[in-house]
Every structure is written in structure tokens, then in C-alpha cells.
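A closer look at the structure
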Amino acid sequence: MKARQAAIPFIFVTVMLDMLALGLIAPVLPKLILDFRGGNMNSAAVWNGIFGTVFALMQFFCSPVLGVLSDKFGRRPVILLSNLGLGLDYIVMALAPTIGWLFLGRIISGITASSIPTAMAYIADVAPKEKRAGAFGMIGVAFGLGFILGPAIGGPLGDISPRLPFWVAAGFSLANWFYGYLFVPESLAAEHRKQFTLRRANPIGSLVLLRSHPELWKLTTLQFLAYVSHEVFVIWALYAIYRYEWSQTMIGGSLAIVGICTAAISGGLTGRMVAWLGERRTLYIGQCFGAIGMLIAGIARTGAVYLASIPVISMWNISFPAAQGMMTHRVSEREQGELQGAIQSLRSIAFIIGPYLFSGIFAWFISPKRSVHLPGAPYFLAAALLFTAMLLATRVEQPEFGTKKSTNTALPPEEITSATGTPIVDPKETI
């Protein structure tokens, strides 16, 4: 078990490098779409939603297949395939001469960007049940550290050339693949592997697992609302350009602040909140903070207030590992990969709906043809969905771990320190 526990730092670095590459392009992709559409913000908002939807469609069809394959062949080959595919995708996008080629790049990334759910299954393999919420919180730290450096570097690079961050992202993804090939061990023991079947790999069929337990289905419903709400951030950059005239450097800096807040909360607060309040209370308290933060972002008249919404929204991140941990308690060890694939399918459905929904609302309410001008409308809708999810979360039962209380759920500070290699003082996660 100690050898498998030692693998957590390896998967932490793998996720961090993956998010670093993603963070590099986050500030510049909307601007590149805007350039391809001749500066037309309404058209760019619609295309931004289309890009998010096609990415989600690819994830919806491919993630369950990769999740089930990871149950059959192990987590390691799936993670390596994902990182290699992402590296090739960023090269295609860096060279894209038209929006059609850029669109093709999103299709490729949608197919291959599955290292995160597979990493979640990896964590479920190596972490004891009572400590999974804290371990999932550490994945949030990896998200955050990647998003501290990624946008902070990608924003200024984007002001030099909107193509440059894609080349740098390709380098990080390919380096990630090489690192994983050399250092990441397999986590799934041979006796826990499960045969591949088309029923389990079916994107709709995989969702059947989420109905196998009443409490799992409750968590599925409220998490679906949360996943849809999270897609409001597809308009983050375009909203800032439209309302506050931010540069790529400013957008990158704001995303870096998101990362700092997220890592600090995920690494320094999530485990302690779960230990103190239990997973259920942590879940709905985080969703409450997220809803309040969305309201602040929607009413913000200045860029400073928009920035002030970030730490409030970032408190939302305590809810995701809590929900993730609660969901893993309702299935067997042999089904953890299938569960993560099913959760990713659920996310993908939300991703299919969310980007086009929020981008469409944004485009509609900023159109000069409309009598009502309300650019913050997407954030108000996200807040309403999160308040609904919060109310549903209050009805979920807190799992018990035999004679142990939920006070054992969090990773101790020394484990958090060893997982990153340095003490968690001021890190973060992603929007």
C-alpha cells in the first residue's frame, strides 16, 4: 500500500502539467476566435459556445470508452494516450489557418482530454475510502498550480502572438507524456481489473451505474446542476473583453488569481472542512459560496469588483472533492474506473448544454437589437442553478466508514505537504 500511496505525487505532477498546458491557451482561445470572426463579439460568443459543445460531445462519446478501458488495461496507458493526443492537438491549433482547422483541434482535444477522470480513478485505486475526499482535493491543488503558471504565462505570450501559447502548450503536453512514460506506475491491481463490454462503454449505458444507489442518484442530480453552472466560465474572457476591455495579459492574470485561490482552498481547506463538517455539509456550503460569487460577478460594474468575485467563487471548489468522495463510497473497488467514466459522461452532457446556453444568453443580452441590455445574465442563471443544487445537497445522507467518523476524511497536513513536495501555503485551482 505504501508503494501505491507513493504514486500520488506522480499523478499530481501529471495533472499539474496537463492543466498548465490548458491554462496557457485559456486566455487566448476566445481572442483567437474573435479574430477569426473579424472582431464581431456576437458571432465570437456563438462560436465560442459551439467550440465548447463539440469538445463536450467528443468527451461524452469517448470518455466512457477510455474509463472502461482503464478498468481492463490499467490507468497508465490511458493517461499516456491522453497526454500524447493533447500535445498533437495543440500543434494542430497552433497551425490552424482558418476557424475550421481550429474547430478540428477542439475535436481532437475532446477525444483525448481524458487524463483528469482517469487520474480520479487512479486516486480511488490508491487512497483509502475515508481519505479520498482529501486526495481529490489534492487533485484540485494540481489544477490550481497549473492554472497559476499557465494563464500568467499564456496571457503575455498571447499579446505577442495568439498562436505562441499553443506551441508552448504542445511542448508541456508532450513533456507530460514523456514524464508519465518514465515515472508513472500502474495503480490498478490485476485482481481488480474488469472485462471490457460495450454496454459499460456506451455513453448512455455508463450512466446506469449512477442509478445503482438512491444516494448516488441524488448526488448525480445536484452535481449535474453544478457542472452546468460551471460552464458559465466559457464567457469569462469574452465578458472581460466586452465589459472591461481587458488585455490578454489581464485575462491571464485573472485566471492565475483563480488558480491561486483554488489551490489554497483545495489544498489547505477542503480536507479540514470535510474533517470538521463532514462531506455533506462541505458540499452544500461550497455550492452556497459559488452561487454568491456568481451574483457578484454578474453585477460587477468594474473590473476590480469582477476580480473580487474570484475568491468567493473559488470557495465553491470545496464541494467538488466532497461530492466525488461521497460518490466513490457507493460503488465497489472494481467499478471505480466505470464510475469516473460515468461521471465524465455526466459532465460531458453538462458541457454540451452549458457552453452554448451561456454563450447564447450572453450574445442575446448584449445584442443591440434587444431592448434589455444585461451582460451579467449568464452569471445570474448560474447562481440560480447553484442555489438549487445547494438545496438538494441538504437532503443527501452523510456516509459512514464503519466505526470511524468523518474526522478521518481529510489528508493530514504532512500528507498534503508530501503530495506536492512543498508546504501548501498559497496555491490554487481553476475556473
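Residues numbered from 1 in each chain as written. Predicted model: local features only at pLDDT ≥ 70, side-chain atom pairs only at ≥ 80, totals over all residues. Heavy atoms only, no water.

**Observations regarding the overall build of the protein**
From N to C terminus, the protein includes 19 helices and 0 strands. Counting every position in the protein, which comprises 431 residues, the buried fraction comes to 59%. Partitioning the intrachain contacts of the protein with sequence separation of at least 6 by distance along the chain shows that 86% fall at a separation of at least 24. Counting only carbon and sulfur atoms, one obtains 69% of the accessible surface of the protein, whose full area is about 16000 Å². (Helix = DSSP H or I, 4+ residues; strand = E, 2+ residues; numbered from the N terminus. Buried < 20%, exposed > 50% of the residue type's maximum accessible area, 1.4 Å probe, protein only. Contact = heavy atoms within 4.5 Å. Areas by Shrake-Rupley, 256 points an atom, 1.4 Å probe, with all protein chains shown as cover.)

**Brief notes about the nonpolar core**
Soluble globular proteins: nonpolar side chains tend toward being buried together. The biggest cluster of nonpolar side chains holds 85 residues, and the ones touching the most others in it are F166, L210, M294, Y306 and Y379. Per-element tally for this core: the top contributor is helix 17 (residues 336-366), with 9 residues. Each residue touching F166, except ones within four places of it in the same chain, is listed here: I25, V28, L29, L32, Y90, M93 and A94. Judged by nonpolar contacts, the second largest core, of 23 residues, contains I79, I123, A142 and F143. (Core = buried A, V, L, I, M, F, W, Y, C linked by side-chain atoms within 4.5 Å.)

**Points about a nonpolar patch on the surface**
Taken together, F178, Y181, L182 and F183 make up a surface patch of nonpolar side chains, about 440 Å² in accessible area. Note on placement: F183 falls in helix 9 (residues 164-183). (Patch = residues over 30% accessible without salt bridge, like charges linked within 9 Å, V, L, I, M, F, W, Y side chains within 5 Å. Salt bridge = Lys/Arg side-chain N within 4 Å of Asp/Glu carboxyl O.)

**What about the packing of aromatic side chains?**
Each aromatic ring pair is characterised by the separation of its centres together with the angle its planes make. Throughout the structure, instances matching the rule amount to 17 aromatic pairs. Look at Y244 and Y306: their rings are 5.1 Å apart centre to centre, the planes differ by 40°, and that puts the pair in the tilted class. Placement of Y244 in helix 12 (residues 236-244) and of Y306 in helix 15 (residues 303-314) is noted, with a sequence separation of 62 residues between them. With a relative accessible area of 0%, Y306 lands in the buried category. Grouping aromatic residues by their ring pairs yields a cluster made of F233, W236, Y239, Y242, Y244, W246, Y306, F362 and Y379. (Phe/Tyr/Trp six-rings, centres within 6.5 Å; stacked < 30°, edge-to-face > 60°.)

**Points about unusual backbone geometry**
Within the chain, E245 stands out as a residue other than glycine whose phi angle is a positive 55°. Here E245 is to be found in the loop between helix 12 and helix 13 (248-268).

**So, helix 15**
When the terminal C-alpha atoms of helix 15 are compared, their 17 Å separation across 12 residues agrees well with the 16 Å that a helix rising 1.5 Å per residue should span. Taken as a whole, helix 15 has its buried residues at G303, Y306, S309, I310, I313 and S314. Axial view of helix 15: buried residues confined to an arc of 120°, hence all on one face. For helix 15, the secondary structure elements touched by its buried residues are helix 12, helix 13, helix 14 (270-299) and helix 18 (377-393). (Expected span 1.5 Å × (residues − 1). Arc of directions from axis to C-beta.)

**As for the environment of I343**
For I343, the location among the structural elements is in helix 17. Look at I343 and you get buried, because its relative accessible area is 0%. It is 9.2 Å that separates the C-alpha atoms of I343 and Q223, two residues lying 120 residues apart in sequence. Beyond its immediate sequence surroundings of up to four residues, I343 is in contact with L210, Y227, Q324 and M327.

**So, the packing of helix 12 against helix 13**
For any two helices packed against each other, one specifies the crossing angle of their axes together with the interaxial distance. Contact geometry for helix 12 and helix 13: axes closest at 10 Å, N-to-C directions at 130°. Classed by the angle they form, the pair helix 12 and helix 13 counts as oblique. In the packing of helix 12 onto helix 13, the handedness of the crossing is right-handed. From helix 12, W236, A237, A240 and I241 reach across to helix 13, where they touch Q248, I251, S254 and L255. (Axes fitted to C-alpha atoms, helices over the stretch in contact; angles between N-to-C directions. Parallel < 35°, antiparallel > 145°, perpendicular 65-115°, else oblique. Left-handed = near helix turned anticlockwise from the far one by under 90°.)

**Some thoughts on the side chain of S319**
Among the structural elements, S319 can be located in helix 16 (residues 319-328). In this structure the side chain of S319 is engaged in a polar contact, spanning 2.8 Å, whose partner is the backbone oxygen of W316. Excluding residues that lie within four positions of it along the chain, S319 makes contacts with T282, L283, G286 and Q287. (Polar contact = N/O pair within 3.5 Å; in protein donor to acceptor, adjacent residues only side chain to side chain.)

**Description of the confidence of the model for the protein**
The predicted model of the protein averages 78 in pLDDT, with 84% of residues at 70 or higher. Here helix 19 (residues 413-420) is the element of the protein with the lowest mean pLDDT, 31, and helix 15 is the one with the highest, 94. Throughout residues 401-431 the model reports pLDDT below 50, and contacts reaching past four residues in sequence, or to other chains, amount to 100 contacts. (pLDDT = per-residue confidence, 0-100.)

**Notes on the packing of helix 14 against helix 15**
Put simply, helix 14 and helix 15 touch, their axes get as near as 8 Å, and they point 175° apart. When the interaxial angle is binned, helix 14 and helix 15 end up roughly antiparallel. Residues F289, G290, I292, G293, M294, I296 and A297 of helix 14 touch helix 15, and the partners they reach there are V305, Y306, S309, V312 and I313. Along the lines of polarity and charge, the residues of the contact of helix 14 with helix 15 split into 9 nonpolar, 3 polar and no charged. (Nonpolar A, V, L, I, M, F, W, Y, C, P; charged D, E, K, R; others polar.)

**Focus on the environment of F103**
Tracing the backbone through its elements, the reader meets F103 in helix 6 (residues 99-112). Those residues in contact with F103, other than ones at most four positions away along the chain, are W47, I50, F51 and V54.

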